[in-house]
Amino acid sequence: ASSKKAKMSEEETEGIDRISNLPKPLLHHIMYFLPPSEITILMFVSKSFLSTYRSSPFLDFDYYSKFRERSMRSFSDFVLESLQRHMLVDTNLLRLSLTYGGYEDDEAQNLLETLERFVTHKKVQHLILSFQPIYLSPYLSDSFFSLQTIKTVSLQGLSFKTQSLILSCPLLESFTLHDCSGIKSFEVSNSQLKSVEFSHCNELEVIRIIEAAATSLQSFSYTGDSLEQPQLNIEITSSKSLKTLELKNINNIGELLGFSKFTLLETLILMDCREGITRNININSCTSLKFIKLWNTVVTEDWFSANYFALQFVESFKLGHCPSLRRFDVKFEHLKEFELLVHWKYELAPWELSNFIIEAPKLDFFTYSPGHTPPHPPVVICSNLNAKLQFHNLSKSLSGDGYYKALRDFLVSFDHCKTLTIACSSQEVLIFPEIERSDFFSPLYDLKHLHIMLKQHKTMIEEFLESLLWLAPRLNTLSIAIDSKDSNVQGTLQ
């Protein structure tokens, strides 16, 4: 009887609209967490949702979600009409987001000027403007950078008539500038700012964050655009609150001022940075540093020696394709994770890391991605290590038995691991012919737990298993996971 009653209850409630009758403030709150594309679709569901949308303190216009098949003029008209309707509503706006995807430059300029007036009048707090792609970027007025109510700003694809700009919005907490032109000098002076990000603004020459702003700044990120960009000077004065510093694709840096005062810095990321970057960076005062990532960056053994003190506080380190570094011999006191990527992109020159020694008593995870041939055997001094070897680029390119000897010598370095995971595209790179197995000793003789991850497999499974059991004859567990388009198989041998 109870099940029958429950079934009747389900039938009675089926089809009831539990959303439309919710109070508008609650619906506005729900809409705030939806992405712009879903909000645009939602407004066409019913008159009730359309009314809720029009009274919402959040406006999101995304050309790609609903207007892709229509002209940019129809999209611009829709945005302008929506702005006019919201001007008549006696409420301020919390968030305004616009993604413009056309080529009509006059339309873009007219739309941007209207948006500027709207943002000022409605006291918008969170603003996202993206104009991509267009032939001529619309111009944003200088007065925009002193708005009194704005808290977060993200701008993309805009131009500036003034080459030197000062950001002084008193309540601003987050500022992002992407793919903007015309600006050469940018100064930040507001005291509430916590996050600053510049990317692909390749005319920038000076970024200056004065002391009033530096006291609250927690994150700074800069991504360059090309090798032809001008010399960049970054001045961050007395930023004792900075926790994250990220620099990418920088070819020529003049000065990086304030680094000695980044005592709370926790994350340092340098990617695609050329010579001169690390020379201007001394991290020994950064005793809170926990994470370092050096990717395709010019760094030398001398830099590691000069910053030895700060390295003792690091817990996670990622080192990838740094050709100028030929020898790595570092001791870490608190390191828990280390990732070494020798081969990154095919078009990059090979990285000949002839000597790799790391001593880290607390190291838990070590990931190594070598290039096309087995590299020089690394030395990892740690008593309780979980290691992962990523052999996706490995190939049998060495002649004769050179490949098998190099691979065996390389694998010996991981015999002491608690667990070892080997990921490769095919099992062929791990199959040692019987004649080679008779001439060599087992490189992983003391290993107890081995995990194999394959992207594809062929029919020679018996030969593969024989080779694995020769590599590690005293295993307690051997697991093989195969993940390809045709199969997703996992198995464990005890």
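To be clear, the structure that these remarks concern was listed above.
Visitor: Break down the overall build of the protein for me, with residues and values.
Guide: What the protein contains, in helices and strands, is 13 helices and 26 strands. In the protein, which comprises 494 residues, the share counted as buried stands at 47%. The contacts of the protein with a sequence gap of at least 6 include a subset with a gap of at least 24, amounting to 55%. With an accessible surface of roughly 23,700 Å², the protein has 51% of that area assigned to carbon and sulfur atoms.

Visitor: Run through the sheet that holds strand 19 (residues 355–359), naming residues and quoting values.
Guide: Picture the strands of a sheet paired through backbone hydrogen bonds; they go either parallel or antiparallel. Pairing is parallel in the open sheet, where 3 strands are placed in the order 17-19-21. Only two strands of the sheet have a single partner each, and these edge strands are strand 17 (327–331) and strand 21 (379–381). Adjacent strand axes in the sheet meet at a mean angle of 5°, parallel and antiparallel pairs treated alike.

Visitor: Give a description of the environment of Phe131 that names residues and reports values.
Guide: Examined against the element boundaries, Phe131 turns out to sit in strand 3 (residues 126–131). With 19 residues separating them along the chain, Phe131 and Leu112 place their C-alpha atoms 9.4 Å apart. The contacts of Phe131, once residues within four sequence positions are left out, are Leu98, Tyr100, Ala108, Leu112, Leu115, Pro138, Gln156, Gly157 and Leu158.

Visitor: Tell me what's going on with the pairing of strand 23 (residues 419–424), and back it up with residues and numbers.
Guide: The buried fraction of strand 23 is high, at 6 of 6 residues. Of the two faces of strand 23, the one carrying Thr419, Thr421 and Ala423 and the one carrying Leu420, Ile422 and Cys424 are both buried.

Visitor: Give me the lowdown on the nonpolar core, citing residues and values where you can.
Guide: By size, the foremost hydrophobic cluster in this structure holds 133 residues, and its most contacted members are Phe175, Phe186, Phe220, Phe317 and Phe338. Filtering out sequence-adjacent residues up to four positions away, Phe338 remains in contact with Phe317, Leu319, Phe328, Phe332, Phe356, Ile358, Leu363, Phe365, Phe366 and Thr367.

Visitor: Outline helix 6 (residues 72–87), supporting the account with residue identities and numerical values.
Guide: In this model, helix 6 (16 residues) spans 22 Å end to end at C-alpha, consistent with the 22 Å of a helix rising 1.5 Å per residue. Of all the positions in helix 6, only Met72, Ser74, Phe75, Ser76, Phe78, Val79, Leu80, Ser82, Leu83 and His86 are classed as buried.

Visitor: I'd love a proper account of helix 11 (residues 402–411), names of residues and values included.
Guide: The buried fraction of helix 11 is high, at 7 of 10 residues. Those residues of helix 11 lying buried are Tyr403, Tyr404, Ala406, Leu407, Arg408, Phe410 and Leu411. The secondary structure elements touched by the buried residues of helix 11 are strand 20 (365–369), strand 22 (386–390), strand 23, helix 12 (434–439) and helix 13 (461–471).

Visitor: Let's hear about the packing of aromatic side chains: which residues, and what values?
Guide: Overall, the coordinates contain 35 aromatic pairs when judged by the stated rule. The interplanar angle of 65° and the centroid separation of 6.3 Å between the aromatic rings of Phe145 and Phe175 together place this pair among those described as edge-to-face. Linking Phe145 in the loop between strand 3 and strand 4 (152–156) with Phe175 in strand 6 (residues 174–178), this pair joins segments that are 30 residues apart in sequence. Centre to centre, the rings of Phe198 and Phe220 are 6.3 Å apart; their planes meet at 50°, and the pair counts as tilted. A residue pair is termed long-range when its members are at least 10 positions apart, and Phe198 in strand 8 (residues 195–199) and Phe220 in strand 10 (residues 219–223) qualify at 22 residues. Judged by relative accessible area, Phe198 falls into the buried class, the value being 0%. Between the NZ or CZ atom of Lys161 and the centre of the ring of Tyr139, over which it lies, the distance is 5.3 Å.

Visitor: Can you explain the side chain of Thr419? Please cite residues and give values.
Guide: Locating Thr419 in the fold gives a position in strand 23. A residue is classified by how much of its surface remains accessible, and Thr419, at 18% relative accessible area, is buried. In terms of polar contacts, Thr419 uses its side chain to reach the side chain of Asn386, at 2.6 Å.

Here is what the cut-offs are and how they apply
Residues numbered from 1 in each chain as written. Predicted model: local features only at pLDDT ≥ 70, side-chain atom pairs only at ≥ 80, totals over all residues. Heavy atoms only, no water. Helix = DSSP H or I, 4+ residues; strand = E, 2+ residues; numbered from the N terminus. Buried < 20%, exposed > 50% of the residue type's maximum accessible area, 1.4 Å probe, protein only. Contact = heavy atoms within 4.5 Å. Areas by Shrake-Rupley, 256 points an atom, 1.4 Å probe, with all protein chains shown as cover. Pairing = 2+ DSSP bridges. Axes fitted to C-alpha atoms, helices over the stretch in contact; angles between N-to-C directions. Core = buried A, V, L, I, M, F, W, Y, C linked by side-chain atoms within 4.5 Å. Expected span 1.5 Å × (residues − 1). Phe/Tyr/Trp six-rings, centres within 6.5 Å; stacked < 30°, edge-to-face > 60°. Lys NZ or Arg CZ within 6 Å of the ring centre and 35° of its normal. Polar contact = N/O pair within 3.5 Å; in protein donor to acceptor, adjacent residues only side chain to side chain.

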